[in-house]
Amino acid sequence: MRTLENSVLSTMMRTPLTLSHLLERAGKIFPTSEIVTRMPDRSLHRYTYADFYRRSRALAEALQKAGMQPGDRVATLSWNTSAHLEAYFGIPVAGGVLHTLNLRLHPTDIAYIINHAEDRFLIVDDVLIKLYEAIKDHINVEKVIVVPLTGKPVPEGLTSYEDFLATATGDFSYPDLPEDTALGMCYTSGTTGKPKGVLYSHRSMILHSLGSALPDALNLGQSDVLTPVVPMFHVMAWGLPFTGIMVGCKIAMPGPHLDAVNLLDLYESEQVSKTAGVPTIWMGVLQALQKEPTRWTKLLPMEMVVGGAAAPEAMIRAYDTFNLKVVHAWGMTEMSPLGTVSRIKQNLAGSDPDILYALRACQGMPMPMVEVRAMNEHGEVPWDGHTMGELEVRGPWVAQSYFKQESERDKWSADGWFRTGDVVTISSEGYVKITDRTKDLIKSGGEWISSLDLENLLMGHPAVREAAVIAVTHPRWDERPLAAIVLKEGASVTTEELRAYLEPKVAKFWIPDAFVFVDEIPRTSTGKFLKMQLRDKFKDWNWE
Ligand code: ADP
């Protein structure tokens, strides 16, 4: 009898999953789709995919001519603009590695990251030239290319992006790249130690793009108008530039203008249907809408993806009143970044509205191809919606190591799962809910308290704009929760009122023993609460 192992069954073509396919598709199928950029002077720059296609290929050719070798890192220090989009495609299709630098980091950290990544070329927006000047003596890049967003002359000794593109003759041909070739690189923001580099491959990014466009993921199609507010230096703007170009939709880039009024103007003038950003941005836009309540009638009923930090349920509810739908997603630099998205499953659609809001406020269901499990000291925790464990993930767009950082090997389990550092519960329906990051856990008298749950509840109080809950050492209970509260403009509330508000909602021992009113919560460069700083500030709290 013939066994299966002995016969080779011919199946499908082994077409490599590489970015050149998306670029070719953009140029051939969607030449008239538009890309709009809010420029530094607030004017709107417009061009089409046909221009984008031509210029991305010109960049690819110019880089090759300038001596870029496969695997060379090309860094960008740029806002969300069409030129940055050209770098997103032009660098990788020529075999280079697109390394997006977080311009909000301290210059010392940016220089450290450039040196650690061994970047050979640097593309920088002219409006960020001061930042470049602050690091230039501490880095060693071969060529600096300046994008003239303002039209001012490029400083002596540096190359203008336009002159650089002009070195291309238009005869670029794609190198044959295996699909595992590195496409891009991002460093984690370093909230948990030294920044760590993650390398994405062409394959991982293509699969991530296909996955994230799905209706139950970020739901992107050709007829959408997409505005990534999340910076292109923060986990590749969550992959949206690749996904947007793949589906061929109009893209409206906010440039350096990320304030609520400029964003609302852009949403209105470009009739944006999909946008994405961190909770802080959406909190600001919400306030602006509340100040000018008729404004929303001029907007499309947009979907606003929120991620990077927990989206408070109260915010999701408030946007519903403006016919704007907040979609909560969770991810990490190490995951390209999409891990989960919270959409309501059909079998739950008829649930009580409060249950539906709770589901929308949790981090959501795993993406196709992303496996999840939560582990505690006894092994894998049951999917019962209340046992907590550290979330581990596995999948084709999850990193398998950090760049030149062998000391971090223990972030991966012996059986190949990535340890996220997030503490979660998983429900029987497959919804993941983050209760904390491992380093932010509060353990009181041997019991865990979820800081995220408390923050979410507190931010539902009408007087509270923001709340961060931290663990502070306690002589009797080891640790007790302390809540730092930012009040809404003109609002007031007492500690007793906040306590009484929480009482019917959580176990008694969860209620913070201390509430402190602060002007603002310190944040990381990517919009997360900087709890380390708060813990430091309140470490000697007197519990008497
Ligand atoms: P860093 O780890 O350097 O801060 P990342 O942007 O990769 O940078 O952050 C990933 C982390 O952000 C996650 O592990 C998680 O703790 C947090 N995070 C991301 N999205 C969410 C979300 N929707 N809800 C709660 N936390 C989130």
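Anything mentioned here points back to the structure above.
Just so you know, the residues in each chain are numbered from 1, in the order the chain's sequence is written. It should be noted that, the model being predicted, local features are given only for residues of pLDDT at least 70 and side-chain atom pairs only at 80 or more, the latter also being counted only at that level, while totals for whole chains, interfaces and linings use all residues. Side-chain metrics in this entry use all non-hydrogen atoms of the structure; hydrogen atoms and water are not considered.

A few points about the overall build of the protein
Here is step 1: When you go through the protein residue by residue, the secondary structure sums to 16 helices and 26 strands.
Here is step 2: Computed over the C-alpha atoms, the radius of gyration of the protein is 24 Å, within 12% of the 24 Å expected from 2.2 N^0.38 for a compact globule of 544 residues.
Here is step 3: Projected onto its principal axes, the C-alpha positions of the protein cover 75 × 75 × 50 Å.
Here is step 4: The buried share of the protein, reckoned over its 544 residues, is 58%.
Here is step 5: Taking contacts inside the protein between residues at least 6 apart in sequence as the whole, the part at least 24 apart equals 67%.
Here is step 6: The accessible surface values rely on the Shrake-Rupley method and a 1.4 Å probe; as for residues, cover is taken only from the protein chains in view. Within the structure as shown, the protein displays about 23,300 Å² of accessible surface, and the carbon and sulfur contribution to it stands at 52%. Runs of E in the DSSP output that reach at least two residues are strands. Runs of H or I that reach at least four are helices, and both are numbered from the N terminus. Taken over C-alpha atoms, the radius of gyration is set against a globule rule of 2.2 Å times the number of residues to the power 0.38. Under the scheme applied here, a residue whose accessible area is under 20% of the maximum for its type counts as buried, over 50% as exposed, and between as partly exposed, the area being computed with a 1.4 Å probe on protein chains only. Contacts were defined at the residue level, with two residues in contact if any of their heavy atoms lie within 4.5 Å.

Points about the packing of aromatic side chains
Here is step 1: Ring pairs shown here join Phe, Tyr and Trp side chains whose ring centres sit within 6.5 Å, with only the six-membered ring taken for Trp; geometry is labelled stacked below 30 degrees between planes, edge-to-face above 60, and tilted in between. If you walk through the whole model with that rule in mind, you get 12 aromatic pairs.
Here is step 2: Taken together, a centroid distance of 5.4 Å and an interplanar angle of 85 degrees make the contact between F52 and F89 edge-to-face. A residue pair is termed long-range when its members are at least 10 positions apart, and F52 in helix α2 (residues 49-65) and F89 in helix α3 (residues 82-93) qualify at 37 residues.
Here is step 3: Exposure remark for F89: the relative accessible area of 0% places this residue in the buried category.
Here is step 4: Put simply, the rings of F30, Y49, F52, Y88, F89 and F242 touch in pairs and so form one group of aromatic residues.
Here is step 5: Two conditions define a charge located above a ring, namely a distance within 6 Å from the ring centre to NZ of Lys or CZ of Arg, and an angle within 35 degrees of the ring normal. Here the guanidinium or amino end of K443 rests over the ring plane of W448, the centre of that ring lying 4.4 Å away.
Here is step 6: Here the basic side chain of K505 rests over the ring of Y501, its NZ or CZ set 3.9 Å away from the ring centre.

Some words on the sheet that holds strand β17 (residues 371-376)
Here is step 1: The criterion for strand pairing is that DSSP finds at least two bridges linking the strands in question. Here we have five strands laid out as an open sheet, ordered β18-β17-β19-β20-β21, and antiparallel in their pairing. Each edge of the open sheet carries a strand with a single partner, namely β18 (379-380) and β21 (432-437).
Here is step 2: Across five bridges, strand β20 (residues 418-426) lies against β21 in antiparallel orientation. Residue pairing in the sheet places T425 in a bridge with K433 of β21.

Examining the side chain of K528
Here is step 1: Position of K528 relative to the elements: it lies in the loop between β26 (514-517) and α16 (531-537).
Here is step 2: Residues scored as positive are Lys and Arg, those scored as negative are Asp and Glu, and His as well as the terminal groups of each chain are ignored. Here a salt bridge means any side-chain nitrogen of Lys or Arg lying within 4 Å of a carboxyl oxygen belonging to Asp or Glu. Of the side chains bearing the opposite charge, D422 lies closest to the buried K528, which forms no salt bridge; the N-O distance is 8.4 Å.
Here is step 3: Setting aside chain neighbours within four positions, we find K528 in contact with G308, A309, R437, P522 and R523.

Description of the packing of helix α1 (residues 19-29) against helix α9 (residues 240-247)
Helices that pack against each other are described as a pair by the angle of their axes relative to one another and the distance between those axes.
Here is step 1: In this analysis an axis means a line fitted to C-alpha atoms, helices contributing only their contacting stretch, and an angle means the value between N-to-C directions, from 0 to 180 degrees. Between α1 and α9, the least distance of the axes is 8 Å, while the angle of their chain directions is 45 degrees. Judged by the angle between their axes, α1 and α9 are oblique. By crossing handedness, the relation of α1 to α9 is classed as left-handed. Across from L19, L22, R25 and A26 in α1, the residues of α9 making contact are F242, I245 and M246.
Here is step 2: Under this grouping Gly is polar, as are all residues other than the nonpolar Ala, Val, Leu, Ile, Met, Phe, Trp, Tyr, Cys and Pro and the charged Asp, Glu, Lys and Arg. Counted by class, the contact of α1 with α9 contains six nonpolar, no polar and one charged residues. For this classification, under 35 degrees means roughly parallel, over 145 means roughly antiparallel, 65 to 115 means roughly perpendicular, and everything else is oblique. Helix crossings are classified by the rotation of the near helix relative to the far one: an anticlockwise turn of less than a right angle makes the crossing left-handed, while a clockwise turn makes it right-handed.

Examining the pairing of strand β12 (residues 274-277)
A regular strand places its side chains so that they alternate between the two faces of the sheet.
Here is step 1: Neither face of β12 is exposed, since K274 and A276 on one face and T275 and G277 on the opposite face are all buried.
Here is step 2: Here three bridges tie strand β10 (residues 225-228) to β12, and the two strands are oriented parallel to one another. Note on β12: the bridge partner recorded for L226 is K274.
Here is step 3: The pairing of β12 with strand β13 (residues 303-306) spans four bridges and is parallel.

A short note on the packing of helix α10 (residues 260-270) against helix α11 (residues 279-291)
Here is step 1: At a closest axis distance of 9 Å, the pairing of α10 and α11 adopts a crossing angle of 80 degrees. By the angle between their axes, α10 is roughly perpendicular relative to α11. Between α10 and α11, the contacting residues are A260, L263, L264 and Y267 on the first element and I281, W282, G284, V285, A288 and L289 on the second.
Here is step 2: Looking at the contact of α10 with α11, its residues break down into nine nonpolar, one polar and no charged.

Some details on the sheet that holds strand β9 (residues 197-201)
Here is step 1: Strand order in the open sheet formed by seven strands is β7-β6-β5-β3-β4-β8-β9, with mixed pairing between adjacent strands. Edge strands, defined here as strands with exactly one partner in the open sheet, are β7 (159-160) and β9.
Here is step 2: The sheet contact formed by strand β8 (residues 182-187) and β9 spans five bridges and is antiparallel. Counterpart to M185 in the pairing with β9 is L199.
Here is step 3: Across the sheet, helix α7 (residues 202-212) is in contact with β8 and β9; its angle to β9 comes to roughly 75 degrees.

Some points on the nonpolar core
Here is step 1: Residues W282 and Y319 are the most contacted members of the largest nonpolar core, which totals 183 residues.
Here is step 2: Per-element tally for this core: the top contributor is α2, with eight residues.
Here is step 3: Nine residue types can take part in a nonpolar core, namely buried Ala, Val, Leu, Ile, Met, Phe, Trp, Tyr and Cys, and a core is a set of them joined through side-chain atoms within 4.5 Å. Within the second largest apolar cluster, five residues are counted, among which are L359, C362, M365 and Y431.

Observations regarding the pattern of salt bridges
Here is step 1: Throughout the structure, instances matching the rule amount to 36 salt bridges.
Here is step 2: Close ionic contact of R535 with D440 constitutes a salt bridge, the shortest N to O distance being 3.0 Å. Highlighted residues: R535 in helix α16 and D440 in the loop between β21 and β22 (442-444), separated in sequence by 95 residues.
Here is step 3: For the salt bridge of D513 with R480, the shortest nitrogen-to-oxygen distance reads 2.8 Å. Of this pair, D513 sits in the loop between α15 (495-502) and β26 while R480 is found in strand β25 (residues 478-487), placing the two residues 33 residues apart along the sequence.
Here is step 4: Under the relative-accessibility criterion, D513 is labelled partly exposed at 32%.
Here is step 5: On the basis of relative accessible area, R480 is assigned to the buried category, the value being 5%.
Here is step 6: Within this structure, E34, R46, K250 and E270 form a network of salt bridges that share partners.

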